[in-house]
Amino acid sequence: MDRIALWSHPVTPSPSLTGTIHIVGAGLAGLAAAVRMAQSGRRVVLYESAGQAGGRCRSYHDTALDRRIDNGNHLLFSGNHAAMGYLQAIGAADSLDGPERAEFPFLDLASGESWTVRLDRGRVQWGLLSAQRRIPGTTVLDYLGGIKFLLAGASKTVAECFDTARPMYRRFWEPLAVAALNTRGDEGAARLLWPVLRDTFGKGEAASRPRYVRNGLSESFIDPALRLLEDQHSKVHFNSRLKSISFQGRAVSGLDFGDGVTPFAADDVAILALPPWIVSDLMPDIKVPGETRAIVNGHFLLPHSISDWAPMGLIGGTAQWLFARGDVASVTVSAADDLVNEAAETIAEKIWPEITRALNLGDTQLGRYRIVKEKRATFAQTPDQVARRPDTHTGYKNLFLAGDWTNTGLPATIEGAIRSGNSAADAARRLVPTG
Ligand SMILES: Cc1cc2nc3c(=O)[nH]c(=O)nc-3n(C[C@H](O)[C@H](O)[C@H](O)COP(=O)(O)OP(=O)(O)OC[C@H]3O[C@@H](n4cnc5c(N)ncnc54)[C@H](O)[C@@H]3O)c2cc1C
């Protein structure tokens, strides 16, 4: 069990506990750190430059659709143990949906073929011995190729590990790389995919079930965390943009949010859970990844609601993953640096025919839609950029870093963001005496 889940009741900060934990950035990394610190009885203050929490993982009311939507579809696996531990800690473990079995339907928009990737219950996937259970055009040996992610050197790209002409590459390894790394297979760092495979498919069916939010990202990941922080008497300041950091020797001595420096007491600690380019502006001596990759999400109003829809992988077209919640179909296009520069109307017209095909909607006309472009959705997970990820510890004794772009060993995902927040909290907890 995750350690934070042991603290199920509000803990009022005890005056004997020394040191305030100042956490800057209320995305998932900052929230995970704040929850972990608050639940261990520490005094927590969380600062966020926006008027709401969640960062790149949040929900809002969209006026074009007149529906509440997520900034982007987020897919998790049941084996994402840090994410599941976090949801349990904030009382939202039952807010995810997903099929009972690990099943991933795919449609090849170019050839019209469809198939479902299904896992057997055990670790050994005996089902793959049957051609009907395999992705069309693949052999059993193709599946053993996953081991190449473990063996890949730090400079290897995903495409360099495989014969890219084989159907297995185009139909599985490349879509997996693009979805998990938000970086094309010919430039994405192969090694980062190993922990993803190890913790999901490598552990068998139970760890590989797709999971997604039932109502909204904020309802699952953000609002319950804010309620917990309030219960724990933590302070959350919105519209508070960190402008500069004061140092004394190798320690932070204050934070400036534009209204004068908030001085640090001797045992105060700062956790920066900020985007890499902000950390770089504040602390130019810290090396960070400088390149980013885009994600485009399209949300389309449907003529009727769809129930029991499991996310579908689409290949051979523009759309890559299709989600449906109620009467809204949402499509994700990762590594979308070309697409992101096209007009929203052009993107919608490209994607809508793919949705009508996947959902069997015949010649239903394009209705209301919203295209959401996240130009800096994640850092570019190329070997060069991965080598620039900094550790939790900064060399300043009371300053720690968190964020999906820090050196978690994982791709920039919810799981990585939450693990980074947990690591920063654990480092801060070790530093601050309990009085
Ligand atoms: C469209 C999209 C789809 C995605 N799909 C998936 C998916 O399917 N599965 C998955 O696991 N992951 C997915 N991700 C990745 C996931 O959303 C991120 O890994 C995660 O949300 C990152 O959290 P974070 O806390 O590290 O960063 P952020 O969410 O970026 O948090 C940083 C916070 O710092 C705040 N801030 C910035 N500057 C300042 C300042 N000066 N002072 C104070 N605050 C400041 C920001 O407003 C923000 O709230 C997706 C991301 C996007 C954008």
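You'll find the structure just up there.
Notes on the structure in this doc start here. (Residues numbered from 1 in each chain as written. Predicted model: local features only at pLDDT ≥ 70, side-chain atom pairs only at ≥ 80, totals over all residues. Heavy atoms only, no water.)

### Details of the sheet that holds strand E2 (residues 43–47)
- Strand order in the open sheet formed by five strands is E10-E2-E1-E14-E19, and the pairing between neighbours is parallel. Each end of this open sheet is capped by a strand with a single partner; those strands are strand E10 (235–237) and strand E19 (399–401). Across this sheet, the average inter-strand angle for adjacent strands is 20 degrees, counted without regard to direction.
- Relative to E19, strand E14 (residues 269–272) runs parallel, the two sharing three bridges. Bridged to Ile 271 within E19 is Phe 400. (Pairing = 2+ DSSP bridges. Helix = DSSP H or I, 4+ residues; strand = E, 2+ residues; numbered from the N terminus. Axes fitted to C-alpha atoms, helices over the stretch in contact; angles between N-to-C directions.)

### Section: helix H5 (residues 167–181)
- Counted at 1.5 Å a residue, the expected span for H5 with its 15 residues is 21 Å, and the 20 Å between its end C-alpha atoms agrees.
- Of the residues making up H5, those classed as buried are Met 168, Tyr 169, Arg 171, Phe 172, Trp 173, Pro 175, Leu 176, Ala 177, Val 178, Ala 180 and Leu 181.
- Asn 182 occupies a position one or two residues after H5 and carries a positive phi of about 50 degrees. (Expected span 1.5 Å × (residues − 1). Buried < 20%, exposed > 50% of the residue type's maximum accessible area, 1.4 Å probe, protein only.)

### A look at the site of the ligand
- Taken together, 32 residues sit near the ligand, with Glu 48, His 74, Leu 75, Asp 404 and Ile 414 positioned nearest.
- In this structure, His 74 approaches the ligand through a side-chain N or O atom, which is 2.7 Å from an oxygen atom.
- Asp 404 is positioned such that a nitrogen or oxygen atom in its side chain is 2.6 Å from an oxygen atom of the ligand.
- Contact with the protein chains covers 91% of the free accessible surface of the ligand, which is 1000 Å². (Near = heavy atom within 4 Å. Polar contact = N/O pair within 3.5 Å; in protein donor to acceptor, adjacent residues only side chain to side chain. Areas by Shrake-Rupley, 256 points an atom, 1.4 Å probe, with all protein chains shown as cover.)

### A word on the nonpolar core
- In this structure, Leu 28, Tyr 86, Phe 221, Ile 271 and Ile 418 are the most contacted members of the largest nonpolar core, which totals 44 residues.
- Those elements giving two or more residues to this core turn out to be strand E1 (20–24), helix H1 (28–39), E2, helix H2 (81–89), helix H7 (217–231), E14 and helix H11 (414–431).
- In terms of residue count, the dominant contributor to this core is H1 (nine residues).
- Ignoring anything within four residues of it in the chain, the contact list for Leu 28 reads Cys 57, Tyr 86, Phe 221, Ile 222, Ile 414, Ala 417 and Ile 418.
- Membership of the second largest hydrophobic core comes to 31 residues, among which are Ile 135, Leu 181, Tyr 212 and Phe 323. (Core = buried A, V, L, I, M, F, W, Y, C linked by side-chain atoms within 4.5 Å. Contact = heavy atoms within 4.5 Å.)

### Here we look at the layout of surface pockets
- Of the pockets and cavities examined, the second largest pocket occupies roughly 630 Å³.
- In terms of lining, the second largest pocket is formed by 27 residues, of which the most central are Gln 125, Leu 128, Tyr 143, Leu 144 and Phe 201.
- Breaking the lining of the second largest pocket down by element, the ones donating at least two residues are strand E8 (114–118), helix H3 (140–144), H5 and helix H6 (193–199).
- Here the element with the most residues in the lining of the second largest pocket is E8; it accounts for four residues.
- Each residue belonging to the lining of the second largest pocket can be placed in one class, and the counts come to 18 nonpolar, four polar and five charged. (1 Å grid on protein atoms, 1.4 Å probe; cavity = no way out; pocket = protein on both sides within 12 Å on 5 of 7 lines; lining within 4 Å. Points joined across faces, edges and corners; volume = space filled by probe spheres on them. Nonpolar A, V, L, I, M, F, W, Y, C, P; charged D, E, K, R; others polar.)

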